[in-house]
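The chain contents come next:
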Number of protein chains: 6
Amino acid sequence: MKVLTVNVNTNEHMTATIAAAARRAASPGTDVVALTPRFGASAVDSAFESYLSAVAVMDCVLAYEGPYDAVVLAGFGEYGRDGLQELVAAPVIEICEASAHVAQMVGRSYSVVTTLQRSVPLIEDRLRVAGLWDRCVSVRASGLATAEVDADPQGSGRAVLAQARRAVEEDHAEVICLGCAGLAGLEDAIRTELGVPVVDGVAAAVRLAEAVVGLGLTTSKRWTYAWPEPKPIAGWPLTAR
Amino acid sequence: MKVLTVNVNTNEHMTATIAAAARRAASPGTDVVALTPRFGASAVDSAFESYLSAVAVMDCVLAYEGPYDAVVLAGFGEYGRDGLQELVAAPVIEICEASAHVAQMVGRSYSVVTTLQRSVPLIEDRLRVAGLWDRCVSVRASGLATAEVDADPQGSGRAVLAQARRAVEEDHAEVICLGCAGLAGLEDAIRTELGVPVVDGVAAAVRLAEAVVGLGLTTSKRWTYAWPEPKPIAGWPLTAR
Amino acid sequence: MKVLTVNVNTNEHMTATIAAAARRAASPGTDVVALTPRFGASAVDSAFESYLSAVAVMDCVLAYEGPYDAVVLAGFGEYGRDGLQELVAAPVIEICEASAHVAQMVGRSYSVVTTLQRSVPLIEDRLRVAGLWDRCVSVRASGLATAEVDADPQGSGRAVLAQARRAVEEDHAEVICLGCAGLAGLEDAIRTELGVPVVDGVAAAVRLAEAVVGLGLTTSKRWTYAWPEPKPIAGWPLTAR
Amino acid sequence: MKVLTVNVNTNEHMTATIAAAARRAASPGTDVVALTPRFGASAVDSAFESYLSAVAVMDCVLAYEGPYDAVVLAGFGEYGRDGLQELVAAPVIEICEASAHVAQMVGRSYSVVTTLQRSVPLIEDRLRVAGLWDRCVSVRASGLATAEVDADPQGSGRAVLAQARRAVEEDHAEVICLGCAGLAGLEDAIRTELGVPVVDGVAAAVRLAEAVVGLGLTTSKRWTYAWPEPKPIAGWPLTAR
Amino acid sequence: MKVLTVNVNTNEHMTATIAAAARRAASPGTDVVALTPRFGASAVDSAFESYLSAVAVMDCVLAYEGPYDAVVLAGFGEYGRDGLQELVAAPVIEICEASAHVAQMVGRSYSVVTTLQRSVPLIEDRLRVAGLWDRCVSVRASGLATAEVDADPQGSGRAVLAQARRAVEEDHAEVICLGCAGLAGLEDAIRTELGVPVVDGVAAAVRLAEAVVGLGLTTSKRWTYAWPEPKPIAGWPLTAR
Amino acid sequence: MKVLTVNVNTNEHMTATIAAAARRAASPGTDVVALTPRFGASAVDSAFESYLSAVAVMDCVLAYEGPYDAVVLAGFGEYGRDGLQELVAAPVIEICEASAHVAQMVGRSYSVVTTLQRSVPLIEDRLRVAGLWDRCVSVRASGLATAEVDADPQGSGRAVLAQARRAVEEDHAEVICLGCAGLAGLEDAIRTELGVPVVDGVAAAVRLAEAVVGLGLTTSKRWTYAWPEPKPIAGWPLTAR
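What counts and how
- Residues numbered from 1 in each chain as written.
- Chains lettered and ligands numbered in written order.
- Predicted model: local features only at pLDDT ≥ 70, side-chain atom pairs only at ≥ 80, totals over all residues.
- Heavy atoms only, no water.
- Helix = DSSP H or I, 4+ residues; strand = E, 2+ residues; numbered from the N terminus.
- Buried < 20%, exposed > 50% of the residue type's maximum accessible area, 1.4 Å probe, protein only.
- Contact = heavy atoms within 4.5 Å.
- Areas by Shrake-Rupley, 256 points an atom, 1.4 Å probe, with all protein chains shown as cover.
- Lys, Arg positive; Asp, Glu negative; His and termini not counted.
- Charge placed at Lys NZ, Arg CZ, Asp CG, Glu CD.
- Buried area = accessible area lost by both parts, 1.4 Å probe.
- Salt bridge = Lys/Arg side-chain N within 4 Å of Asp/Glu carboxyl O.
- Nonpolar A, V, L, I, M, F, W, Y, C, P; charged D, E, K, R; others polar.
- Pairing = 2+ DSSP bridges.
- Polar contact = N/O pair within 3.5 Å; in protein donor to acceptor, adjacent residues only side chain to side chain.
- Right-handed = clockwise from strand over helix to strand, strands pointing away.
- pLDDT = per-residue confidence, 0-100.
- Axes fitted to C-alpha atoms, helices over the stretch in contact; angles between N-to-C directions.
- Least-squares fit on C-alpha atoms with pLDDT ≥ 70 in both.
- Phe/Tyr/Trp six-rings, centres within 6.5 Å; stacked < 30°, edge-to-face > 60°.
- Lys NZ or Arg CZ within 6 Å of the ring centre and 35° of its normal.

**A few points about the overall build of chain A**
Argument step 1. Helix and strand counts for chain A stand at nine helices and 10 strands.
Argument step 2. Over its C-alpha atoms, taken along the principal directions, chain A stretches across nearly 55 × 35 × 30 Å.
Argument step 3. Counting every position in chain A, which comprises 241 residues, the buried fraction comes to 71%.
Argument step 4. Contacts in chain A between residues far apart in sequence, at least 24 positions, make up 72% of those at least 6 positions apart.
Argument step 5. Working note: accessible area of chain A is about 7,100 Å², and carbon and sulfur atoms make up 51% of it.
Argument step 6. Here chain A contributes 20 positively and 28 negatively charged side chains, and the mean placements of these two sets differ by 3 Å.

Laid out in structure tokens, this is it:
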């Protein structure tokens, strides 16, 4: 099977990080194709940038010409998953939701450690809207912007570990979710240090995509995610302009 | 004061409907400037179209060159309000939320009557995320697409009235919110028929924008809606390409 | 238009404070009439006193002989709004709810800073019952009784500022609501200090009353707030005894 | 021990009904003293009337001169319990809450069958504020006003039974709570007909009051229900004027 | 009347502690029969042990040959109440739920102070499932295992008091529930120290059982707690093997 | 990898059904070992039977002597998952939760169609406690006992289809979960008929178990699911007696 893994950032270095994490996690026989959108922020941190990425991701997936079995939306808590679900037949798995699904399978409660405080509400709302909020005991900010995570993953690791430790000790989190695609690769170090499962969203999403595809399931086209009706859409696709 | 009223649809007829509703509702001394986005669907009904409109609306407001005091986002429950709040200094009022605020002031419970069933979840999620869901007793679909509402407001009135009646009688709604900017103008007929207050979101948003501006308040730039950090953004603004 | 602004305390000094705040906030053309109830506590802090004020406020509004367009219930989180809504045709806006409505328009989350810890549960319940609780991140007590606030607004300002600062820094509040009518006038000082919007409930309620009246809406008389049936009521109105 | 059972209606016939229900339910050794407030509605159905009854009940309990061990507030879902808890040392048990407590002990879910639709929201809010809402599957109105119940208990029984049957069959209620003090005495008939436990609030409250007194507990005076501070209160007690 | 009080631990010393607490709390005329299950952990602390106790308690109650009027399940938050409700005609009262019911009658909010942190989630889930969670402001662990509580009640008292103090001061709890049957007897010392009501679950359950029996109520057999259908059950009852 | 699939019923025919479903769903390279507990009900429908099965399942898994990588608990919404998570190192996936996880990945809302009405509350509580309730729009009973499903899967199909249709049309469910392990095999027929994804819990759980094992994750042993402390446990393991 083939999984499209779509970065939300227009940053090839982060696309490579995501691709590597996806390939490490994939089963034998799963091909990972990593895509970078053609417009938008190099490193998404705000709602404005997130909406732009949502459109750029849809544009980029629709422009992809080959066949594929599933899409992984590799922006932690970013906008766009529901739009993409309307537009494609294959299952679409977003990495924040994937983390939460997996975390709930291996612990009673989990915390997310993410980048900036400004992203915390977006992640909380993503989890609420996805119906995965009840077992989340905290979303904690490391204070690092997405670009800083990308530039210095090891340094990021220290800030993330500090918050993860507080999540476990103070919030009684039983599982830690890494709240940014750029943090992939820190799982082992944090698990070793804290003794709890650590979930990377990209890895989780790839494995869940395999599970859904393996079950022969695709997104329900009844009600919410029905195909959009054909209608005049000015200036779309944007990259065709 | 001056209020920008931004349609989410690239449909000048609906922009005119919205502008008329906004002007009817505005206080003396309030100027209404009605904007139409430069790309996107003629009539938004899906999440895909809604994300595209979110970006087109941000593009369009940023491209507006004069001064203004507030922005009314005239897409009922559509995406983009939070992105716009990051990008501009003036208050931003979305019409679904405005309806709910006003409805809660004049009744204990309210229902929304909107267009298609596929839009119901988006509206419910908008209200949940906005913290205005608890007093909503139902979101009901009239079965008409946004374009149909625009083409035949009177015919739409019958379908909306039928659902509004069920909302009052079966769901014990005490107030009805018209769940589409294109339904503006039906308030009197429905109120006369059912004897409950009927709220048009555009009118509500204009009056609430006046109230917020009159109080000297602007969107908090602490935490969630802080200005985005300057950073490389490929292909933005989209209309400049 | 004319707005009745009803103090819940039988304390003319606080009525004057409220009237001044209402007049500062009102649009040109809005007349403010400030009423003081004829019985009850000089400064309401308890549920017992709040119930008594609820009845005294209804008594006082019913005894008012002139015409009016809206009523502002100027007791932060006190009882009585729903009773008044049954008895009068004009819209009734309570100042705690008004604060929360406005706060939600200019920020994703808000905190209330009020007087005594004993009032915190009453305010929380008011917000829950009004369906405005979800975006409240804390209700904090300054430790000052209502009478102390009235006697020394400047000294109160320091205690309120200290809690407001904790609300912003620890609870990530994006907006501060002043949780007592007697705190009106502190908005500018706290906003300057903390850099977040600060909402006074009296001002918010006056502007929202103008908005509702401007929209031509009155309280729904279907279901909850229907006129009470005529029936024998011993000893009412109380001031007529 | 002695239990004050306070009617919220100024209607001696209903006081007698309540007293009879309380005495049937009381253990040997429990004395029931039934009080009628000195002002207010003959039969409370609205929020206005409920606030007035809250004050009249406080007035009436404070005016009672003998010793007592507990107070039963015999108005189903009416206002005033928290005010009374501040003013007296003895436990105060409200009959709507008492019904819900008992219902939750003998079934997983319960429904309330009450008088008019206008009272449904008040009862729902009472249960929410009391933290007893989660296991309530419906509050249904029989369509009869409190005075009609009082005038014709047997006729009321038919309307109540019809709604109770729907609660069991359609809402899967496992227990029925009689939602008006005047319905006391219908328990056996409805239980026989429907085969589920039926709870009368007055009986439940008397037995729970005995339990709380037997445990040596009184209302916590820490935080919410602390004694009100002494302060000037104009025109109180009202009956002394 | 006769109340079966069933320990969940196979530990006769704790059965004696429970029996003593039950007898202190019982009304004159109430007989307490204390049972110890025939298999399971000496002191239950984990979900595994709790499930085993659930089955052992059902086995032990079914094996009891005399008549009885009610069952008190004396394991704080342990599994099994619903199973027992299916199997017997008499009311079944679990001590964690009983504590919460009583606490809500004498205060607006309560905290539980229990044994180990690992038991906190089980108790929280018990309260959620029972619909008694809303007014719980914290469940705090003393850090002592059930066996340690049993071995040294006085030493346990100090650890429990420390957490109870934090519950009152930091969480604004108005009532403290003792979160382990083995803590019975500490009520007076903690109440004296902190000035808030303290509820022992065994005592509360005995008094509530008396109330329910006094009201002539038994568990609803409609829907959830209906008698199990007769069917082949291998190896049951376990003690008969 | 090897997955233990444990029936909760002592019914070899249903074990065979479960094993077949698990093997159909499993990836190449996954071995399925199907276990039947040594005591308990032939077909579990009640809480009593569910508790017994919880213990029998723990007994049976502990008695299994070979290595394994994950456990699938094949009782839809039955008790015991948390106990098993304490006792074994491998991940434990329960089929009701697995269904909900997968359903939420392919639709915005889902319904469960199960056996008897008496099982509906148990399933609802399972989903609430697991934090997977928010997107469930209904749990519907087909009216068939577990044994009837086992005896006549095709006949069961008709009753399940009827409820599934109502779930889609009336409740707006976008995905259907088959609420009994014995219903495995009906997916295709119902999907063909209704045009929505249909999830069998056993298949979902096997694929999710593969995903979790593939990610190298095991149950968190911090806090809730820590290993039980060694302590005297009378009569355990039960099958060793």
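**Looking at the interface of chain B and chain A**
Put simply, an interface is often sized by how much accessible area is lost when its parts join up.
Argument step 1. Across the contact, 47 residues belong to chain B and 47 residues belong to chain A.
Argument step 2. Of the roughly 3,600 Å² buried between chain B and chain A on both sides combined, carbon and sulfur atoms contribute 61%.
Argument step 3. Together, Phe48, Tyr51 and Arg118 of chain B form the three largest contributors to the area buried by chain B at its contact with chain A, with a combined 21%.
Argument step 4. Linking chain B with chain A are six salt bridges.
Argument step 5. When the shortest N-O distance is used, the salt bridge between lysine 231 of chain A and glutamate 49 of chain B registers 3.0 Å.
Argument step 6. Counting residues per element, the ones that place at least two in the side of chain B that touches chain A are β3 (40–41), α2 (47–63), α3 (81–87), α5 (120–129) and β10 (233–234) of chain B.
Argument step 7. No other element matches α2 of chain B, which puts eight residues into the side of chain B that touches chain A.
Argument step 8. Of the residues contributing to the side of chain B that touches chain A, the split by class is 26 nonpolar, 10 polar and 11 charged.
Argument step 9. Examined bridge by bridge, strand β3 (residues 40–41) of chain A and β10 of chain B share two bridges and lie antiparallel to one another. Note on β10 of chain B: the bridge partner recorded for alanine 41 of chain A is isoleucine 233 of chain B.

**Focus on the environment of leucine 194 of chain E**
Argument step 1. With respect to the helices, strands and loops of the structure, leucine 194 of chain E is situated in helix α8 (residues 187–194).
Argument step 2. Once the C-alpha coordinates of leucine 194 of chain E and threonine 224 of chain E are considered, the two residues, 30 residues apart in sequence, prove to be 40 Å apart.
Argument step 3. Discounting chain neighbours no more than four positions away, the residues touching leucine 194 of chain E are Arg222 of chain D together with Leu161, Ala164, Arg165 and Val168 of chain E.

**Considerations on the environment of tyrosine 110 of chain D**
Residue and element names in this part refer to chain D.
Argument step 1. Take tyrosine 110: it is sitting in strand β6 (residues 110–114).
Argument step 2. Ignoring sequence-local partners within four residues, the contact set of tyrosine 110 consists of Ala100, Ala103, Gln104, Leu127, Leu132, Arg135, Cys136, Val137, Ser138, Ala173, Val175 and Cys177.
Argument step 3. A distance of 2.7 Å separates a polar side-chain atom of tyrosine 110 from the backbone oxygen of leucine 132.

**Examining the pairing of strand β4 (residues 70–74) of chain C**
All names here are of chain C.
Argument step 1. Of all five residues making up β4, five are buried, and the element is well covered by its neighbours.
Argument step 2. Here β4 shows no split at all, with Ala70, Val72 and Ala74 on one side and Val71 and Leu73 on the other all buried.
Argument step 3. Across five bridges, strand β1 (residues 2–7) lies against β4 in parallel orientation. Note on β4: the bridge partner recorded for valine 6 is leucine 73.
Argument step 4. One crossover worth recording links β4 to the parallel strand β5 (residues 92–94) by way of helix α3 (residues 81–87), and it is right-handed.

**What to know about the confidence of the model for chain A**
Argument step 1. Looking at chain A, pLDDT values average 96 and 99% of them are 70 or higher.
Argument step 2. Interface scoring of the predicted complex returns ipTM 0.97; its pTM is 0.97.

**Some remarks on the sheet that holds strand β2 (residues 31–35) of chain C**
Strand pairing in a sheet relies on backbone hydrogen bonds, with the paired strands running either antiparallel or parallel.
All names here are of chain C.
Argument step 1. The sheet built from four strands is open, its strands ordered β2-β1-β4-β5 with parallel pairing. The sheet is open, and its two borders are formed by β2 and β5, each paired with just one other strand. Taking each pair of neighbouring strands and ignoring which way they run, the sheet shows an average axis angle of 25 degrees.

**Describing the relation of the copies chain B and chain A**
Argument step 1. Screw-axis analysis of chain B against chain A gives a translation of 0.0 Å along the axis, an RMSD of 0.0 Å, and a rotation angle of 180 degrees. Here the copies are linked by what is in effect a two-fold axis. Within chain B, the C-alpha atom positioned nearest to the axis of rotation is that of tyrosine 51 of chain B, 3.3 Å from it.
Argument step 2. Looking at chain B, 100% of its interface residues are interface residues in chain A too, so the copies touch through the same face.

**What about the sheet that holds strand β9 (residues 198–200) of chain D?**
All names here are of chain D.
Argument step 1. Read from one edge to the other, the open sheet built from four strands follows the order β7-β6-β8-β9, with strand pairing classed as parallel. The open sheet is flanked by β7 (136–141) and β9, the only strands paired with a single partner. When strand polarity is set aside, the average angle formed by the axes of neighbouring strands in this sheet is 20 degrees.
Argument step 2. As paired strands, strand β8 (residues 175–178) and β9 are joined by three bridges and run parallel to one another. Residue pairing in the sheet places cysteine 177 in a bridge with valine 199 of β9.

**A closer look at the arrangement of the chains**
Argument step 1. Kept free of each other, chain A and chain D leave a smallest C-alpha distance of 16 Å between them.
Argument step 2. Between chain C and chain F there is no contact, and the shortest C-alpha to C-alpha distance separating them is 16 Å.

**Side note on the packing of aromatic side chains**
Argument step 1. Applying the stated criterion across every chain, the model contains 30 aromatic pairs over all chains.
Argument step 2. Ring centres of tryptophan 236 of chain C and phenylalanine 48 of chain D lie 5.2 Å apart, and the angle between their planes is 55 degrees; this geometry places the pair in the tilted category. Of this pair, tryptophan 236 of chain C sits in the segment after β10 (233–234) while phenylalanine 48 of chain D sits in helix α2 (residues 47–63), on two different chains. Note on accessibility: tryptophan 236 of chain C and phenylalanine 48 of chain D belong to one class, buried.
Argument step 3. Ring-pair connections join several aromatic residues into one group, and the members of that group are Tyr51 and Tyr79 of chain A together with Tyr51 and Tyr79 of chain B.
Argument step 4. The positively charged end of arginine 222 of chain C is found above the aromatic ring belonging to tryptophan 223 of chain C, 4.8 Å away from the centroid.

**Some details on the side chain of arginine 81 of chain C**
Argument step 1. With respect to the helices and strands, arginine 81 of chain C occurs in helix α3.
Argument step 2. A residue is classified by how much of its surface remains accessible, and arginine 81 of chain C, at 7% relative accessible area, is buried.
Argument step 3. Separated by 2.7 Å, the side chains of arginine 81 of chain C and glutamate 97 of chain C make a polar contact.
Argument step 4. When near neighbours in sequence (up to four residues on either side) are disregarded, arginine 81 of chain C contacts Leu73, Val92, Glu94, Glu97, Arg126, Ala130 and Tyr225 of chain C together with Tyr51 of chain D.

**What to know about the pattern of salt bridges**
One side chain can pair with another of opposite charge once the charged atoms of both are near each other.
Argument step 1. Counted according to the given criterion, the structure contains 96 salt bridges over all chains.
Argument step 2. Here arginine 126 of chain A and glutamate 97 of chain A are joined by a salt bridge, their closest N and O atoms 3.2 Å apart. Pair noted here: arginine 126 of chain A is in helix α5 (residues 120–129) and glutamate 97 of chain A is in helix α4 (residues 95–106), with a separation of 29 residues, a long-range link. Across the pair, glutamate 97 of chain A and arginine 126 of chain A agree in class, each one buried.
Argument step 3. Here aspartate 125 of chain B makes a salt bridge to arginine 108 of chain F, at a shortest N to O gap of 2.8 Å. With aspartate 125 of chain B in helix α5 and arginine 108 of chain F in the loop between α4 (95–106) and β6 (110–114), this residue pair bridges two chains.
Argument step 4. Residues joined by salt bridges that share partners form a network here, namely Arg108 and Arg135 of chain A together with Glu124, Asp125 and Arg128 of chain E.

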